[in-house]
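Geometric and topological summary
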Amino acid sequence: MNSMVKKDNRGVGAVMTLVSILALVWIVGSIVLMVYSGKTGKIWLLLICLGQFFLIMGLVAMFAVLRSTQKDLWIDLVFIAAGIGCLYYGFMAKFASGFKYSKMVDFVPTLMGIVFFSLGCLILMMEVTERNSLKKNCTYEVVGKCVGRDPRGGGRRLVYNPVYEVEVDGVYYTLNKNIFSRVDVPAENEERKLLVNKSDIDRLRNEEGERLIDKYIDQGPDDANFKLTLTVWGLIAVAGVGIIIARMFV
C-alpha cells in the first residue's frame, strides 16, 4: 500500500515539475516575443502576445478562485475580457484590410466606454441583489466568537477575513465567507451578533465534520465592503458614460 502511495506521489511530482517547466518556457517565450514585436513595430504580434498572456493568466486565476470558494472573481473576468480583446484586434491587425482595421481602432474608445459602463452596472446589480437576498434570508440571530483572522496583503494594505465559531443547541458551526476587510474586523476571541439563515443551521445539524456556513450577515465589515464596491464600480460605470459622451463630441 505504501509503495503505491509513493508511486502516486512521484507521478504527481513529475507532472507538477513538467507543468512548471512548460509554464516557465511559456512566460519567457511570451516576454521575448513581446520585446521582439515592440522593436520590429509588429503591433499585431504584440497584441496577440498580450492577449494570450492576459487570457491564460485570467483563466488560471479564475479556476483558483472558484476552487477556493472566494468571491472576488470579477478582476479575473476583466483580465479574460482584456485578453480576448487583444487577441481579436491582433488577428484583425494582421489579416483585415487597412480600412476595416482603422475603423476598428477608431471604435476602441467607445468600446471601452461601453465595457466600463456595462461591467460596472452588472456588478452593482449583482451586489445589490446578493445583499437583498442575505437580508431576506438571514434573520436568525446567533452569537459568533472570532476564532481566526485570515490575513491578506501587508503594511497599510493588510486586510483580514474573520472566521467565527457559533454554538446552537450544543452543536458548533463555522462561519466563514472568505471576504476580506480592514473595517470593524473583530479581535481574536471577540464575540458579536451575526445573522444566519435558519435553514442552513437545520440542514447542517446532523452532518459530520466541519459545519461550514458561508452566507451570513456580519454588519460592520459587510457595510464597509458594500460601500467600497458601490464606490469603485459606480465610478467605473460613470467613467464609461463619460468616455461615450466624450466620443460623441470628439
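Going by the structure above, here's the rest.
Below you will find a few notes about this structure. All values reported here derive from a predicted model rather than from experimental measurement. As a convention, each chain's residues are numbered from 1 in the sequence order in which they are written. It should be noted that, the model being predicted, local features are given only for residues of pLDDT at least 70 and side-chain atom pairs only at 80 or more, the latter also being counted only at that level, while totals for whole chains, interfaces and linings use all residues. Based on all heavy atoms of the structure, the side-chain values leave hydrogens and waters out of the count.

Looking at the pattern of salt bridges
We count a salt bridge whenever a side-chain nitrogen from Lys or Arg sits within 4 Å of a carboxyl oxygen from Asp or Glu. Evaluation of the coordinates by the stated rule reveals 10 salt bridges. Taking the shortest distance from any N to any O, the salt bridge between aspartate 223 and arginine 131 comes out at 2.8 Å. Here the residue aspartate 223 occupies a position in helix H6 (residues 219-249), and arginine 131 occupies one in helix H4 (residues 98-137), the gap between them amounting to 92 residues. Relative accessibility under 20% of the residue-type maximum defines a buried residue, over 50% an exposed one, and the middle range a partly exposed one, all with a 1.4 Å probe and only protein chains included. Overall, aspartate 223 belongs to the partly exposed group, its relative accessible area being 22%. Taking relative accessible area as the criterion, arginine 131 reaches 19% and is therefore assigned buried. A salt bridge links aspartate 200 to arginine 203, with the nearest nitrogen and oxygen atoms 3.1 Å apart. On the criterion of helical spacing, the pair formed by aspartate 200 and arginine 203 is a turn pair, its members being 3 residues apart in helix H5 (residues 198-204). One continuous salt-bridge network, built from bridges that share partners, spans Asp184, Glu190, Arg192 and Asp218. Under the scheme used here, helices are H or I runs from DSSP no shorter than 4 residues and strands are E runs no shorter than 2 residues, and both carry numbers assigned from the N terminus.

Some points on the sheet that holds strand S2 (residues 159-168)
Spatially, the 6 strands line up as an open sheet ordered S5-S3-S2-S1-S4-S6, and their pairing is mixed. Two strands lie at the open edges of the sheet, namely strand S5 (212-213) and strand S6 (216-217), each paired on one side alone. By this definition, two strands are paired if DSSP reports at least two bridges between them. With 2 bridges connecting them, strand S3 (residues 171-175) and S5 associate as parallel partners. When the sheet's bridge partners are listed, threonine 174 is paired in S5 with leucine 212.

Quick word on the side chain of glutamine 52
Note that glutamine 52 resides in helix H2 (residues 43-67). Any pair of N or O atoms that falls within 3.5 Å is considered a polar contact. Within protein, one atom must be able to donate a hydrogen and the other to accept it, and sequence-neighbouring residues count only if both atoms are side-chain atoms. A distance of 2.7 Å separates a polar atom in the side chain of glutamine 52 from a polar atom in the side chain of tryptophan 26. Should any heavy atoms of two residues lie within 4.5 Å, those residues are counted as being in contact. Not counting chain neighbours up to four residues away, the residues in contact with glutamine 52 comprise Trp26, Ser30 and Leu87.

A word on H6
Given the number of residues in a helix, its expected span is that number minus one, multiplied by 1.5 Å. Over its 31 residues, H6 extends 45 Å from the first C-alpha to the last, a length consistent with the 45 Å expected when each residue adds 1.5 Å. Within H6, burial applies to Gly220, Pro221, Asp222, Ala224, Asn225, Phe226, Thr229, Trp233, Gly234, Ala237 and Gly240.

Examining the packing of aromatic side chains
In this analysis, rings of Phe, Tyr and Trp, with Trp reduced to its six-membered ring, are considered paired at centre separations within 6.5 Å, and the interplanar angle assigns stacked below 30 degrees, edge-to-face beyond 60, and tilted for intermediate values. Per the counting criterion, the structure on display carries 2 aromatic pairs. Pairing tryptophan 26 with phenylalanine 53 gives two aromatic rings, centres 5.3 Å apart and planes at 20 degrees, and the pair type is stacked. Here tryptophan 26, found in helix H1 (residues 2-40), pairs with phenylalanine 53, found in helix H2; they are 27 residues apart in sequence, far enough to count as distant. For tryptophan 26, a relative accessible area of 22% corresponds to the partly exposed category. With centroids separated by 6.4 Å and ring planes inclined at 90 degrees, the aromatic side chains of tyrosine 164 and tyrosine 216 adopt a geometry described as edge-to-face.

Considerations on the nonpolar core
When a protein is soluble and globular, its nonpolar side chains tend to lie buried together. Grouped together as the largest cluster of nonpolar side chains are 14 residues, with contacts concentrated most on Tyr173, Leu175 and Ile213. Broken down by secondary-structure element, the contributors of at least two residues to this core are strand S1 (140-152), S2, S3, strand S4 (191-196) and H5. The residues touching isoleucine 213, leaving out its near neighbours within four places in the chain, are Tyr173, Thr174, Leu175, Asn176, Asp200, Ile201 and Leu204. By convention a nonpolar core is built from buried Ala, Val, Leu, Ile, Met, Phe, Trp, Tyr and Cys residues, the set being connected through side-chain atoms within 4.5 Å.

Overview of the pairing of S3
Most of S3 is tucked away, with 4 of its 5 residues classed as buried. As paired strands, S2 and S3 are joined by 5 bridges and run antiparallel to one another. Bridge pairing in S3 places valine 168 opposite valine 171. Where S2 folds back onto S3 in an antiparallel hairpin, the turn is made up of 2 residues, including aspartate 169, whose phi is positive at roughly 55 degrees.

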